[in-house]
Amino acid sequence: MEAHQANQQVNLQRVSMHDLDNLASTAADVLSQVRDAMIEPHPRKIAPTFSSAAIAELCRVDKTQIKYLTQKHNLPSGQKPEGLKAKEYSLEDAIAWVRAIGPYPSRPENRPGKVIAVCNYKGGVAKTSTTVALAQALTLRGLKVLVVDCDGQGTATQLIGISPEQDVDVEQTIMPYIHGDEADLRYAVQASYWSNLSVIPASSGLLAAEFAIPAKAMSQRGFRFWEMLKSGLEPLRADFDLILIDTSPSLSHLTVNAMIAADGLLMPCPPDALDFASSVQFWGIFSELVDGLPNANEKHYDFISIIYTKVQANEISRLVKTWMKQAYGAHINGIEIPDSTAARTASAQLKTIYDLSKPDGSAEAYRRFKDPLDRLADYVLDQLAIAWRQ
Ligand SMILES: Nc1ncnc2c1ncn2[C@@H]1O[C@H](COP(=O)(O)OP(=O)(O)OP(=O)(O)O)[C@@H](O)[C@H]1O
Ligand SMILES: [Mg+2]
């Protein structure tokens, strides 16, 4: 009898492929309902508005000068929404201000745009949130940015307001190029709800790249499979100041391609013992892999930089930071993005901190999270400016 009951319990746990199909489709239905509740209908996201104080902060001028500068440079003067006293500026207005009087370096004419890959084969270390926030912050410093989503999860695509499963056909991703049906990646670039931020979206169809790339390498002798993304992005360097590639949590063929295509690497890494250990392994495998490629010593990076992410204010985190400093030396850029409720609140609405026109919750928590991201954008822009000068 007992054996029979135990058997029944075991049977209850059994899942047939048919059950799995049902599970997948029920979960997809629930997600699409929840998603519609979380974000506006098409276009799924709307850009934030900016106060005069935010415009002054972006342009690094005093707020009292805004009126005078508007007239002097014939700049957008913002709108007063009905019933409100303060002026609001659109994202386009903010970018026009920054481009006219902001203190930021820009890409010299005739210099190609740069490519940065955001990578770490550990999952959940804030690769995607950092990629999208950085892309937005750099458009607010006057750059034209393209985000290439190289992760089949499509989280960057989703954060840029495009639902990977509902809105993205595999033909709109990098896949046609990977299959050899397109000569380069220009066909895949889409504008987004955010001015000067374009995206090459991803969907789960990208997983096929992990079979298509080695198959091509096997069938074509001498085919440089690790340089596919690099070649595909080449013509886009003329159109964009910066191409940011978000990668998946693995050292997949696509991730290796992204890292080879890149002029700079950013690795978000929480100062946690296991995340640190995993990052060490990641650099070890990657450098071995690159060493094995023909002409390996031709490859160089403008910079490789490690950012502390999801930093908790505790003893262990302080200790691991000292190990990471020893291990990575000057590659630690010193920027610490705290583990933050502001980050969680924003991402629960499929937003980044830059999507919010004002703090959603405590102003202090908002600043504590946004300030280091602003510093990261300044840091990356400095690195780009140095590389463009060389
Ligand atoms: N500073 C932060 N504080 C708290 N939570 C954060 C922070 N940054 C990111 N998160 C949360 O951590 C989770 C993972 O973030 P994200 O998707 O950016 O990581 P990822 O490295 O791209 O993950 P994956 O490896 O799956 O691609 C998300 O739920 C995000 O909201
Ligand atoms: Mg991600």
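Colleague: I'm lost on the packing of helix H6 (residues 127-139) against helix H15 (residues 363-389) in this one. Help?
Modeller: Taken N-terminus to C-terminus, the directions of H6 and H15 make an angle of 70°; their axes are 9 Å apart at the nearest point. The angle between H6 and H15 falls in the class roughly perpendicular. Residues Thr130, Ala133, Leu134, Ala137 and Leu138 of H6 pack against Leu373, Leu376, Ala377, Val380 and Leu381 of H15. Here the contact of H6 with H15 is composed, by residue class, of nine nonpolar, one polar and no charged.

Colleague: Looking at this model, I keep getting lost on the site of ligand 1. Mind explaining?
Modeller: The environment of ligand 1 is made up of 20 residues, and the closest members are Lys127, Thr128, Ser129, Pro338 and Ser347. Contact distances for ligand 1 include 3.2 Å between an oxygen atom and a side-chain N or O atom of Gln153. At a separation of 2.5 Å, an oxygen atom of ligand 1 approaches a polar side-chain atom of Ser347. Coverage of ligand 1 by the protein amounts to 81% of the 630 Å² it exposes when considered alone. Elements represented by at least two residues in the shell around ligand 1 include exactly H6, strand S8 (332-338) and helix H14 (341-348). A breakdown of the residues in the shell around ligand 1 according to their chemical character gives seven nonpolar, seven polar and six charged.

Colleague: Even after reading the chapter, I still don't get helix H9 (residues 209-219), so can you show me in this structure?
Modeller: Helical geometry note: an α-helix holds 3.6 residues per turn, so side chains three or four residues apart project in the same direction. Taken together, the buried positions of H9 are Ala209, Ala212, Ile213 and Lys216. Looking down the long axis of H9, one finds its buried residues gathered within 95° of arc, a one-sided arrangement. Structural note: H9 exposes Phe211, Met218 and Ser219 on the side pointing more than 90 degrees away from its buried face. Elements in contact with the buried residues of H9: helix H8 (175-178), helix H10 (228-233) and helix H11 (253-261).

Colleague: Please explain a negative patch on the surface as it appears in this structure.
Modeller: Where like charges cluster on the molecular surface, the negative patch consists of Asp169, Glu171, Asp181 and Glu182. Structurally, Glu171 is set in the loop between helix H7 (155-159) and H8.

Colleague: Would you explain unusual backbone geometry in this entry?
Modeller: Glycine aside, a negative phi is what most residues show, and trans is what most peptide bonds show. Non-glycine residue Asn110 carries a positive phi angle of around 70°. A positive phi angle, near 90°, is found at Ala126, a position not held by glycine. Examined against the element boundaries, Ala126 turns out to sit in the loop between strand S1 (114-118) and H6.

Colleague: Looking at this structure, how should I read the sheet that holds strand S2 (residues 145-149)?
Modeller: Whenever strands of a sheet pair, they do so through backbone hydrogen bonds, lying parallel or antiparallel. Within the open sheet, the eight strands sit side by side as S3-S4-S2-S5-S1-S6-S7-S8. Their pairing is mixed. Among the strands making up the open sheet, the edge pair consists of strand S3 (190-191) and S8. With three bridges connecting them, strand S7 (residues 303-311) and S8 associate as parallel partners. By the bridge assignment for S8, Val311 is matched with Pro338. The sheet strands contacting helix H12 (residues 273-291) are strand S6 (264-269) and S7, and the helix crosses S6 at an angle near 155°. Strands in contact with helix H13 (residues 315-328) are S6, S7 and S8; relative to S7, the strand with the most contacts, it is inclined by about 175°.

Colleague: I would appreciate a short explanation of the domain arrangement of the protein in the present structure.
Modeller: Accessible area lost on assembly of the parts is the figure often given for the size of an interface. Domain assignment breaks the protein into domain 1 (52-101) and domain 2 (114-389). Each of domain 1 and domain 2 has a C-alpha centre, and the two are 31 Å apart. Taken together, the contact pairs nine residues of domain 1 with 13 residues of domain 2. Summing both partners gives a buried area of about 840 Å² for domain 1 against domain 2, and 49% of it is carried by carbon and sulfur. When the area that domain 1 buries against domain 2 is broken down by residue, the three leading residues are Leu91, Ile95 and Arg99, summing to 50%. For the pair domain 1 and domain 2, the number of links is two salt bridges. Linking domain 1 with domain 2 are four residue pairs in polar contact (both at pLDDT 80 or more). Contributions of two or more residues to the side of domain 1 that touches domain 2 are made by helix H3 (52-59) and helix H5 (91-101). The leading source of residues in the side of domain 1 that touches domain 2 is H5, at six residues. Class assignment for the residues of the side of domain 1 that touches domain 2 results in five nonpolar, no polar and four charged.

Calculation criteria
Per chain, residues are indexed from 1 in the order of the written sequence. Chain letters start at A and ligand numbers start at 1, both assigned in the order the entries are written. Totals for whole chains, interfaces and linings use all residues, but because this is a predicted model, local features are given only for residues with pLDDT of at least 70 and pairs of side-chain atoms are given and counted only at 80 or more. Hydrogens and waters are ignored; side-chain quantities use all the structure's heavy atoms. Note on method: axes are straight lines fitted to C-alpha atoms, helices fitted across the in-contact stretch only, with angles between N-to-C directions ranging 0 to 180 degrees. Think of it this way: any DSSP run of H or I at least four residues long counts as a helix, any run of E at least two long counts as a strand, and we number them from the N terminus. In these notes the angle categories are as follows: under 35 degrees is roughly parallel, over 145 is roughly antiparallel, 65 to 115 is roughly perpendicular, and the rest is oblique. Contacts between residues were defined by any pair of non-hydrogen atoms, one from each residue, lying within 4.5 Å. Asp, Glu, Lys and Arg are counted as charged, while Ala, Val, Leu, Ile, Met, Phe, Trp, Tyr, Cys and Pro are counted as nonpolar; the rest, among them Gly, fall into the polar class. Distances are taken per atom, and a residue is near a molecule or strand as soon as one of its heavy atoms is within 4 Å of it. Under this definition, polar contacts are N or O atom pairs within 3.5 Å; protein pairs additionally need one hydrogen-donor-capable and one acceptor-capable atom, and for neighbouring residues in sequence, both atoms have to be side-chain atoms. Calculation of accessible area relied on Shrake-Rupley with a 1.4 Å probe; when residues are assessed, cover is drawn exclusively from the protein chains displayed. Summary of the burial criterion: residues with accessible area below 20% of their type's maximum are buried, those above 50% are exposed, and those between are partly exposed, where the area comes from a 1.4 Å probe applied to protein chains only. Taking the helix axis as origin, the arc is that swept by the directions to the C-beta atoms. Like charges are joined within 9 Å and nonpolar side chains (Val, Leu, Ile, Met, Phe, Trp, Tyr) within 5 Å, but only among residues with over 30% relative accessible area and no salt bridge; these make up the patches. Any carboxyl oxygen of Asp or Glu within 4 Å of a side-chain nitrogen of Lys or Arg constitutes a salt bridge here. Counted as positive: Lys and Arg. Counted as negative: Asp and Glu. His and the chain ends are not counted at all. A single reference atom marks each charge: NZ on Lys, CZ on Arg, CG on Asp, CD on Glu. Two strands pair under a simple rule: DSSP has to find at least two bridges between them. The domain boundaries here were taken from an automatic or database domain assignment. The term buried area denotes the loss of accessible surface (1.4 Å probe radius) that occurs when two parts are joined, taken as the sum for both partners.

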